[in-house]
Structures are given as structure tokens and as C-alpha cells.
Amino acid sequence: MSITDKSFIGSIPELYDRLMVPLIFEPYARDLAARALALAPRSVLEVAAGTGAVTRALAARLPADTKLVATDLNQPMLDQARKQMADAPHIIFRQADAQALPFDDAQFDAVLCQFGAMFFPDRAKAYREAKRVLKPGGHYLFNVWGRIEDNEFADEVTRTLALLFPSDPPRFLARTPHGYHDPDKIRADLRAAAFEDISIMPLEAVSTAPSPGEAAMAYCQGTPLRSEIEARGGSLEEATRTAAEALARRFGRGAISGRIQALVVAAG
Ligand SMILES: C[S@@+](CC[C@H](N)C(=O)[O-])C[C@H]1O[C@@H](n2cnc3c(N)ncnc32)[C@H](O)[C@@H]1O
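Residues numbered from 1 in each chain as written. Predicted model: local features only at pLDDT ≥ 70, side-chain atom pairs only at ≥ 80, totals over all residues. Heavy atoms only, no water.

Novice: For this particular structure, what's the right way to read unusual backbone geometry?
Specialist: Peptide bonds are trans in most cases, and residues, glycine excluded, mostly fall at negative phi. Even without being glycine, alanine 40 reaches a positive phi, approximately 50°. Relative to the elements of secondary structure, alanine 40 occurs in the loop between helix 1 (12-37) and strand 1 (43-46). Positive phi, close to 55°, is recorded for alanine 106, a residue that is not glycine. If you trace the backbone, alanine 106 turns up in the loop between strand 3 (92-95) and strand 4 (108-114). Alanine 106 gets classed as partly exposed once you look at its relative accessible area, which sits at 34%. (Helix = DSSP H or I, 4+ residues; strand = E, 2+ residues; numbered from the N terminus. Buried < 20%, exposed > 50% of the residue type's maximum accessible area, 1.4 Å probe, protein only.)

In C-alpha cells, the structure reads:
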């Protein structure tokens with residue numbers, strides 16, 4: 001993993017929240033929140049909560065006296081989340097690395113993590129931390145993206161940027177968000193953290209954007225792909241325009257939609 005892969009900072013949190021979250025994260029946030037709500041937890045920890053896509057979906061439906069703690073490695077992501085949830089002071093936001101959680105043992109009925117595990121350098125360590133802070137019988141629910149080929153916009157943007165930077169293609173999307181989708185590997189990492197009851201299921205959804213330009217902007221400027229383009233001395237505007245043209249050729253010029261796929265994991 002490159003050092004910039006986990007740097008959701010600078011202009012990224014605002015663009016991520018405004019463009020990426022509606023593009024690909026909201027359907028899965030609703031799904032993860034519904035799975036958590038079905039467990040009727042009294043205390044929930046979210047790790048890698050980002051700008052709060054799942055936190056919002058949960059907070060809207062959890063009883064107000066449920067303890068809800070949302071954490072992320074990058075404080076600017078949590079600042080963006082807090083802005084959106086200023087009217088929910090009972091939600092606790094706290095900066096934390098998922099691999100070293102600042103909580104005592106056996107504190108939570110459920111630990112949730114939406115599209116964060118791919119960013120953890122030592123996943124078994126992060127899973128051990130989740131296990132440690134869960135009460136006995138508690139539930140760990142998370143999701144990860146499927147193969148990039150099954151996520152059409154991400155695939156198209158990655159292929160297009162490879163043509164723009166042929167000597168050193170920006171591979172962030174393939175390497176990290178779409179780099180951890182082997183169920184056997186996920187199961188082995190969870191077993192290494194003493195999880196025994198594990199289910200992993202694919203979940204397809206449809207990603208929609210008002211225009212190819214907005215989808216291109218989301219990927220090229222609202223994710224760490226931005227830092228890869230800048231590190232190559234590339235113009236963000238040109239990269240975004242080129243990606244938008246490729247998306248328009250493949251998906252059309254008005255509102256566009258493409259297939260997305262993830263794996264949903266439950267472990268106890
Ligand atoms: C793709 S975003 C997902 C954010 C959010 N869960 C969502 O659904 O929009 C990945 C998040 O993982 C966070 N992250 C990266 N490494 C982390 C770590 N070691 N511990 C906790 N969070 C981490 C990033 O800051 C970023 O907010």
C-alpha cells in the first residue's frame with residue numbers, strides 16, 4: 001500500500017462526502033445499518049467511519065439512548081461527519097486507528113466497518129482489536145469491495161488513467177479499495193483474530209451519477225487517487241476530463257449508471 005492510500009485529507013473529505021458517498025457508499029450504508037439494527041444493539045462502535053455514511057444511516061433509526069461511537073484514522077473525515085450531524089450531540093466522534101483501538105475490553109455489542117478493512121496494513125490485528133472490544137456474543141459487521149472488474153466506473157477510470165500515465169499508471173483503486181476481495185483470505189484473517197462464526201456474501205448494487213463529469217470528479221478528486229495523479233505531475237482537471245469522456249463513451253452523456261459489487265461480512 002502506498003503511503004497516500006490512507007490519506008483522506010485536504011480537499012478529499014468534502015468532495016468524498018458530497019460526490020463519492022451518494023455515488024457508491026449510500027446503498028451499502030443502508031444495508032450495513034439495517035443488519036446492525038436487526039441485532040438491537042445497546043452500544044455500537046464504528047471504525048473507519050469516514051464522513052459518516054453509516055453513522056448517519058444508523059443514527060436516524062437507533063434509539064437515542066444507544067451508545068454510538070464513530071472513529072476514523074483521519075480527523076478531517078470525522079470533522080466532515082460531525083458537520084453533517086451537528087444536531088446529534090450524543091454521537092461520539094473519536095480519532096482512532098482500527099489496529100489500536102483506545103477502548104477497554106468488552107465494551108460494545110456491535111462493531112461496524114464500511115469499506116475500511118482494505119486500508120488496514122495489518123487486518124488480523126484490526127480484527128483482533130474488534131474482537132477485544134466486543135462483548136462476548138457481540139457481532140462484527142463489515143463490507144469490502146469486490147473485484148474492480150465488477151465495479152464498472154472504478155474499472156473504467158483506472159483503465160483510462162493508465163493510458164494517460166502509461167509509464168506509471170495510478171493503481172490506487174485496484175490496489176487498495178478493490179484489493180481485498182478473496183473470501184478465503186478474509187476468513188483466514190478473521191480466524192487469526194479468533195472469530196469463529198463467519199459469513200461472507202456478495203451484494204450487488206447500482207451506482208448512479210447525474211453526469212459522467214460528476215462521477216469522474218468523485219473518483220479523481222474525492223479519493224486518494226487525487227494524490228497519485230498529483231504525484232505524477234498530472235493536471236487534475238485534465239485527468240478528470242479524460243476520465244469523464246471515457247465514462248460518457250461507455251455509459252452515456254446524461255445521468256449514468258453502472259454495476260457495483262461488494263462482499264458483506266458478519267463475524268462473531
Ligand atoms: C473508503 S473510506 C470509507 C469511509 C466510510 N466508512 C464510508 O462508508 O464512507 C475508508 C476510510 O478508512 C479510513 N482509514 C484508513 N486507514 C485506517 C485505519 N488504520 N484505521 C481507521 N480508519 C482508517 C480512512 O480515513 C477513510 O475514512
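Novice: In this structure, what is going on with helix 7 (residues 183-192)? I would like to understand it.
Specialist: Three or four residues apart is the spacing at which side chains of an α-helix point the same way, because the helix has 3.6 residues per turn. Within helix 7, burial applies to Ile186, Asp189 and Leu190. Buried residues in helix 7, looked at end-on, bunch into an arc of 100°, giving them a common side. Exposed residues pointing more than 90 degrees away from the buried face of helix 7 are listed as Asp184 and Arg191. Two or three places before aspartate 184, at the start of helix 7, stands the capping residue aspartate 182, its side-chain oxygen 2.9 Å from that residue's backbone nitrogen. (Arc of directions from axis to C-beta. Polar contact = N/O pair within 3.5 Å; in protein donor to acceptor, adjacent residues only side chain to side chain.)

Novice: Help me understand the nonpolar core in this model?
Specialist: Side chains that are nonpolar tend, in soluble globular proteins, to be buried together. With 95 residues, the main nonpolar core has Leu58, Tyr140, Phe142, Leu190 and Phe195 as its most contacted residues. The element contributing the most residues to this core is helix 1, with 15 residues. With near-sequence residues (within four places) excluded, phenylalanine 142 lies in contact with Leu32, Cys113, Ala117, Tyr127, Ile186, Leu190, Leu263, Val264 and Val265. (Core = buried A, V, L, I, M, F, W, Y, C linked by side-chain atoms within 4.5 Å. Contact = heavy atoms within 4.5 Å.)

Novice: When you look at the side chain of histidine 178 in this model, what are you seeing that I'm missing?
Specialist: Summarising the element assignment, histidine 178 is placed in the loop between helix 6 (172-175) and helix 7. Judged by relative accessible area, which is 7%, histidine 178 ranks as buried. Ignoring any residue separated from it by four or fewer positions in sequence, one finds histidine 178 in contact with Trp145, Gly146, Arg147, Ile148, Asn151, Ala154 and Leu173.

Novice: Please explain the pattern of salt bridges as it appears in this structure.
Specialist: Applying the stated criterion to the full structure yields 17 salt bridges. Salt-bridge contacts for arginine 18 lead to glutamate 14; the nearest nitrogen and oxygen are separated by 2.6 Å. Taken together, the positions of arginine 18 and glutamate 14, both in helix 1 and four residues apart, correspond to about one turn of that helix. By relative accessible area, glutamate 14 is classed as partly exposed at 34%. For the salt bridge of arginine 132 with glutamate 129, the shortest nitrogen-to-oxygen distance reads 2.8 Å. Placement of both arginine 132 and glutamate 129 in helix 4 (residues 123-133) is noted, with a separation of three residues, approximately one turn of the helix. (Salt bridge = Lys/Arg side-chain N within 4 Å of Asp/Glu carboxyl O.)

Novice: Is there a simple way to think about the pairing of strand 3 in this case?
Specialist: Across a regular strand the side chains alternate sides, sitting on one face of the sheet and then on the other. Judged from the four bridges that link them, strand 2 (residues 67-72) and strand 3 form a sheet pairing that is parallel. Residue pairing across strands places threonine 71 opposite arginine 94, the latter belonging to strand 3. On the question of chirality, the crossover connecting strand 2 to the parallel strand 3 by way of helix 3 (residues 75-84) is right-handed. (Pairing = 2+ DSSP bridges. Right-handed = clockwise from strand over helix to strand, strands pointing away.)

Novice: Looking at this structure, how should I read the site of the ligand?
Specialist: Around the ligand, the surrounding shell holds 18 residues, and the nearest of these are Tyr16, Ala48, Asp72, Asn74 and Gln114. Leucine 73 places a main-chain nitrogen or oxygen 3.3 Å from a nitrogen atom of the ligand. Between a nitrogen atom of the ligand and a main-chain N or O atom of glutamine 114, the distance comes to 2.8 Å. For the ligand, the protein covers 98% of the area, taking 600 Å² as the surface of the free molecule. For the shell around the ligand, the residue count by class is 12 nonpolar, four polar and two charged. (Near = heavy atom within 4 Å. Areas by Shrake-Rupley, 256 points an atom, 1.4 Å probe, with all protein chains shown as cover. Nonpolar A, V, L, I, M, F, W, Y, C, P; charged D, E, K, R; others polar.)

Novice: Got a minute to help me understand the packing of aromatic side chains in this structure?
Specialist: Scanning the model with the defined rule gives 15 aromatic pairs in all. On the basis of an interplanar angle of 40° and a centroid distance of 4.9 Å, the ring pair of tyrosine 140 and phenylalanine 142 is categorised as tilted. Both residues of the pair, tyrosine 140 and phenylalanine 142, belong to the buried class. Taking 5.4 Å as the distance between ring centres and 25° as the angle between the ring planes, the aromatic pair formed by tyrosine 140 and phenylalanine 195 counts as stacked. Linking tyrosine 140 in strand 5 (residues 134-145) with phenylalanine 195 in the loop between helix 7 and strand 6 (198-209), this pair joins segments that are 55 residues apart in sequence. Three or more aromatic residues link up through ring pairs in this structure, and these residues are Phe8, Tyr16, Phe25, Tyr28, Phe115, Phe119, Trp145 and Phe172. Over the ring of tyrosine 180 we find arginine 123, and its NZ or CZ is 3.9 Å from the ring centre. (Phe/Tyr/Trp six-rings, centres within 6.5 Å; stacked < 30°, edge-to-face > 60°. Lys NZ or Arg CZ within 6 Å of the ring centre and 35° of its normal.)

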